[in-house]
Amino acid sequence: VCGILGLLLSDAGHDVAPEICEGLSLLQHRGQDACGIVTCGPKGRLYQCKANGMVRDVFDDVSVSRLKGEMGIGHVRYPTAGSSNHAEAQPFYVNSPYGIVLAHNGNLIHSDSLLHFMDAVAHRHINTSSDSELLLNIFANNLQQTGKFRINEDDIFTAIGELMKQCKGAYACVAMLAGFGIIAFRDPNGIRPVGMASRKTSCERRDYVIASESIVADVGGFSDWEDVRPGEAVIVTRAGISRKHVAEPATFAPDIFEYVYLARPDSVLDGVSVYRSRMAMGDALAEEVRKVLTTKGLTVDVVPDTSRVAALNLAQKLQLPYREGFVKNRYVGRTFIMPGQQMRRKNVRKKLNAMALEFSGKNVLLVDGKYSIVRGTTSKEIIQMAKDVGARKVIVASCAPPIRHSNVYGIDMPSRTELVAYGRTTEEIAEAIGADLVIFQTLSDLVASVRQLNPSIETFDCSVFTGEYVTGGVDEAYLTRLELLRADHIKNKLVQGQLEAKDNREVAFCERALAIGSGGPVNGVDDSVGLHNTWHAT
């Protein structure tokens with residue numbers, strides 16, 4: 001996952017960058033690898049600042065002050081494929097036609113054929129291994145086909161409609177046309193979230209925001225949050241909003257993992273409160289835990305604070321004491337989205353400290369939902385921490401079913417063999433992470449927990465649990481290739497390649513060929529093509 005944001009102010013005398021920066025900090029949980037902002041100032045001039053790092057580190061007062069203009073878009077990123085190099089920080093820019101900038105959350109599932117089309121037919125050079133740059137160039141090429149000196153909103157809707165015929169996968173995008181306005185669109189299945197809101201100004205005009213999660217609108221004082229519908233395109237200018245459904249009908253299937261883990265609890269996605277969905281997950285899990293504990297003849301003394309919302313509801317339903325068992329260092333990033341297994345393992349103990357008073361001599365129930373049993377890294381370390389301070393038995397209850405399949409829609413779940421549940425029974429999973437017992441939520445209960453809050457959503461993408469991919473087009477050959485690109489050892493190799501290239505500019509970044517193939521030349525790994533980058537500019 002990544003976080004996207006677009007903002008247009010009605011007052012041309014105000015710069016939008018400080019508010020975009022604040023909004024990106026609210027989406028920081030969606031990506032901590034890189035971030036960027038591009039704004040549009042007078043006469044359609046674009047200003048850019050992007051780099052690897054957290055929002056607070058990349059955007060200081062000086063860099064933000066150089067981002068002029070009343071409209072702009074921003075992005076926070078973590079890598080799912082390819083590398084983490086500076087050139088892949090978003091938003092991406094292309095000058096022709098009309099000057100377009102785009103930020104993307106998701107993943108395309110057939111980029112190789114699109115890359116061939118870009119090279120052989122459209123004659124557009126793709127400079128990075130990011131499919132976000134590919135999406136941008138497909139959109140640009142479709143707009144180019146109009147041959148117009150100036151385009152209108154119908155031309156934009158048509159171009160996005162063609163893009164949705166060409167591109168398969170998950171994509172929630174925000175784009176900006178220089179001097180024109182902000183654009184948002186969402187894939188026909190609505191897998192990744194994006195919405196919009198507005199606020200009245202003192203002049204009785206309106207500012208508009210587009211973001212991955214509603215929390216950005218809430219904090220910014222915007223109201224009337226609406227989700228961009230699946231297959232819909234939205235154009236925002238100072239004159240107002242235009243909306244149009246531009247895709248063929250498809251099954252609406254938002255990713256259920258957004259509610260389990262990815263989104264902030266104070267966000268609302270597709271009409272579902274993330275907070276209330278996690279409360280419902282805790283209630284449903286309590287019944288499963290009661291049933292399993294009764295069958296096994298086990299009792300539990302305490303539920304320490306782990307996945308807070310779900311754990312609190314579970315504890316209340318089972319009439320168990322809920323305690324602050326772990327003290328969290330809130331200045332350490334999310335371990336799930338950190339690149340590299342070794343870094344994730346190292347940071348777990350920096351982030352959490354177990355309180356012996358709440359564990360010693362007790363049977364404890366850890367409710368897993370906030371950190372999730374994915375690779376097992378975090379779970380294993382937390383269980384060991386509980387045992388190190390004297391827990392007699394550690395039982396883990398997961399708010400989700402076991403994750404046994406790759407995610408192809410933009411979440412960093414790499415090789416199936418790196419998933420702790422892959423090829424293992426529940427008992428073997430418990431042994432692998434060091435737990436005395438693991439209890440999983442059933443898929444039907446998970447779906448019901450979310451769907452009860454918006455019954456109009458008939459289907460969710462549950463592919464990480466079932467291996468069934470709503471878009472189609474995912475076969476064993478594709479999964480094998482994807483795993484090659486996303487495996488931790490490949491990412492580490494790419495990072496090492498970047499470090500070597502900094503010391504020796506003649507080192508070829510050959511791993512890029514794993515991700516894409518293009519007939520054009522490859523620029524250096526630190527290049528940011530097209531726009532001047534104000535990050536650390538003197």
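Calculation criteria
- Residues numbered from 1 in each chain as written.
- Predicted model: local features only at pLDDT ≥ 70, side-chain atom pairs only at ≥ 80, totals over all residues.
- Heavy atoms only, no water.
- Helix = DSSP H or I, 4+ residues; strand = E, 2+ residues; numbered from the N terminus.
- Buried < 20%, exposed > 50% of the residue type's maximum accessible area, 1.4 Å probe, protein only.
- Contact = heavy atoms within 4.5 Å.
- Areas by Shrake-Rupley, 256 points an atom, 1.4 Å probe, with all protein chains shown as cover.
- Axes fitted to C-alpha atoms, helices over the stretch in contact; angles between N-to-C directions.
- Parallel < 35°, antiparallel > 145°, perpendicular 65-115°, else oblique.
- Left-handed = near helix turned anticlockwise from the far one by under 90°.
- Nonpolar A, V, L, I, M, F, W, Y, C, P; charged D, E, K, R; others polar.
- Polar contact = N/O pair within 3.5 Å; in protein donor to acceptor, adjacent residues only side chain to side chain.
- Salt bridge = Lys/Arg side-chain N within 4 Å of Asp/Glu carboxyl O.
- Pairing = 2+ DSSP bridges.
- Phe/Tyr/Trp six-rings, centres within 6.5 Å; stacked < 30°, edge-to-face > 60°.
- pLDDT = per-residue confidence, 0-100.

### Focus on the overall build of the chain
So, step 1. Across its full length, the chain carries 19 helices and 22 strands.
So, step 2. Buried positions account for 60% of the 538 residues belonging to the chain.
So, step 3. Of all intrachain contacts in the chain linking residues separated by at least 6 positions in sequence, the fraction that spans at least 24 positions is 72%.
So, step 4. Accessible surface for the chain amounts to roughly 21100 Å². Of this, 50% is attributable to carbon and sulfur atoms.

### With respect to the packing of helix α5 (residues 131-144) against helix α6 (residues 153-166)
So, step 1. Taken N-terminus to C-terminus, the directions of α5 and α6 make an angle of 130 degrees; their axes are 9 Å apart at the nearest point. One finds that α5 runs oblique with respect to α6. For the element pair α5 and α6, the recorded crossing hand is right-handed. Contacts from L135, I138, F139, N142 and L143 in α5 reach D155, I156, A159, I160, E162, L163 and Q166 in α6.
So, step 2. For the contact of α5 with α6, the per-class residue count stands at eight nonpolar, two polar and two charged.

### Some remarks on unusual backbone geometry
Most peptide bonds take the trans form, and the phi angle of most residues other than glycine is negative.
So, step 1. Cis peptide bonds are those with omega within 30 degrees of zero, and the linkage from Q90 to P91 qualifies with 5 degrees.
So, step 2. Considering the arrangement of structural elements, one finds P91 in the loop between β4 (71-77) and β5 (92-94).
So, step 3. Residue P97 follows S96 across a cis peptide bond; omega there is 0 degrees.
So, step 4. Residue position: P97 is located in the loop between β5 and β6 (100-108).

### Some remarks on the environment of D227
So, step 1. Inspection of the secondary structure puts D227 in strand β11 (residues 223-227).
So, step 2. Distance in space between the C-alpha atoms of D227 and P193 is 7.6 Å, their sequence separation being 34 residues.
So, step 3. Not counting residues up to four positions away in its chain, the partners in contact with D227 are R186, V194, G195, E232, R243, L269, D270 and G271.
So, step 4. In this structure the side chain of D227 is engaged in a polar contact, spanning 3.5 Å, whose partner is the backbone nitrogen of G271.

### A word on the pattern of salt bridges
So, step 1. Counted by the stated rule, this structure contains 26 salt bridges.
So, step 2. One salt bridge in this structure joins E287 and K317, with 3.9 Å as the shortest N-O distance. Of this pair, E287 sits in helix α9 (residues 274-296) while K317 is found in helix α10 (residues 308-318), placing the two residues 30 residues apart along the sequence.
So, step 3. We classify E287 as partly exposed; its relative accessible area is 37%.
So, step 4. Classification of K317 by relative accessible area gives partly exposed; the value is 37%.
So, step 5. Each of R30, R192, E213, D255 and E258 takes part in a single network of salt bridges with overlapping partners.

### Re the pairing of strand β1 (residues 3-8)
So, step 1. Counting buried positions along β1 gives six out of six residues, so the element sits mostly inside the fold.
So, step 2. Here β1 runs beside β4; their pairing, made up of six bridges, is antiparallel. Residue pairing in the sheet places G3 in a bridge with V76 of β4.
So, step 3. Relative to strand β10 (residues 206-211), β1 runs antiparallel, the two being bridged by four bridges. For L5, the partnering residue across the bridge sits in β10 and is A211.

### Brief notes about the packing of aromatic side chains
So, step 1. What the rule picks out here adds up to six aromatic pairs.
So, step 2. Where Y259 meets F460, the ring centres are 6.3 Å apart and the plane angle is 90 degrees; that geometry is what we call edge-to-face. Here Y259, found in helix α8 (residues 257-262), pairs with F460, found in the loop between α15 (443-451) and α16 (463-466); they are 201 residues apart in sequence, far enough to count as distant. Taken individually, Y259 and F460 each receive the classification buried, so the pair is uniform in this respect.
So, step 3. Of the aromatic side chains, those joined through ring pairs into one cluster are F139, Y171 and F185.

### Quick notes on the packing of α9 against α15
So, step 1. The N-to-C vectors of α9 and α15 enclose an angle of 145 degrees; their axes lie 8 Å apart at closest approach. In terms of crossing hand, the pair formed by α9 and α15 is right-handed. Of α15, the residues touching α9 (which contributes S277, A280, M281 and A284) are D445, L446, S449 and V450.

### Some points on the sheet that holds β11
So, step 1. Reading across from one edge, β3-β2-β4-β1-β10-β9-β11 is the order of the seven strands in this open sheet, with antiparallel pairing throughout. Whereas interior strands pair on both sides, the edge strands pair on one side only; in this sheet they are β3 (46-52) and β11. Adjacent strand axes in the sheet meet at a mean angle of 10 degrees when their direction is disregarded.
So, step 2. In terms of strand pairing, strand β9 (residues 195-200) meets β10 through six bridges, oriented antiparallel. Each residue of the ladder has a partner; that of K200, found in β10, is R206.

### What about the sheet that holds strand β7 (residues 169-177)?
So, step 1. Here six strands make up an open sheet; going across it, the order is β5-β6-β7-β8-β12-β13 and the pairing antiparallel. Strand pairing shows two members of the sheet lacking a second neighbour, β5 and β13 (240-245), which therefore form its edges. In this sheet, adjacent strand axes meet at a mean angle of 20 degrees when their direction is disregarded.
So, step 2. Examined bridge by bridge, strand β12 (residues 232-237) and β13 share six bridges and lie antiparallel to one another. Note on β13: the bridge partner recorded for V236 is I241.

### Things to note about the confidence of the model for the chain
So, step 1. In the predicted model, the chain carries a mean pLDDT of 87, and 85% of its residues have values of at least 70.
So, step 2. Confidence over residues 334-338 falls short of pLDDT 50; this stretch has 30 contacts with residues more than four positions distant or in other chains.
So, step 3. Across residues 495-527, confidence stays below pLDDT 50; counting only partners more than four residues off in sequence or on other chains, it has 47 contacts.

### What about the side chain of Q90?
So, step 1. Note that Q90 resides in the loop between β4 and β5.
So, step 2. Reaching out from Q90, the side chain makes a polar contact with the side chain of S132 at a distance of 2.8 Å.

### What to know about the pairing of strand β21 (residues 393-398)
So, step 1. Most of β21 is tucked away, with five of its six residues classed as buried.
So, step 2. Here strand β20 (residues 363-368) runs beside β21; their pairing, made up of six bridges, is parallel. Its bridge partner lying in β21, D368 is registered against S398.
So, step 3. Pairing analysis gives four bridges linking β21 to strand β22 (residues 437-440), with the strands arranged parallel. Along β22, the bridge assignment pairs V396 with V438.

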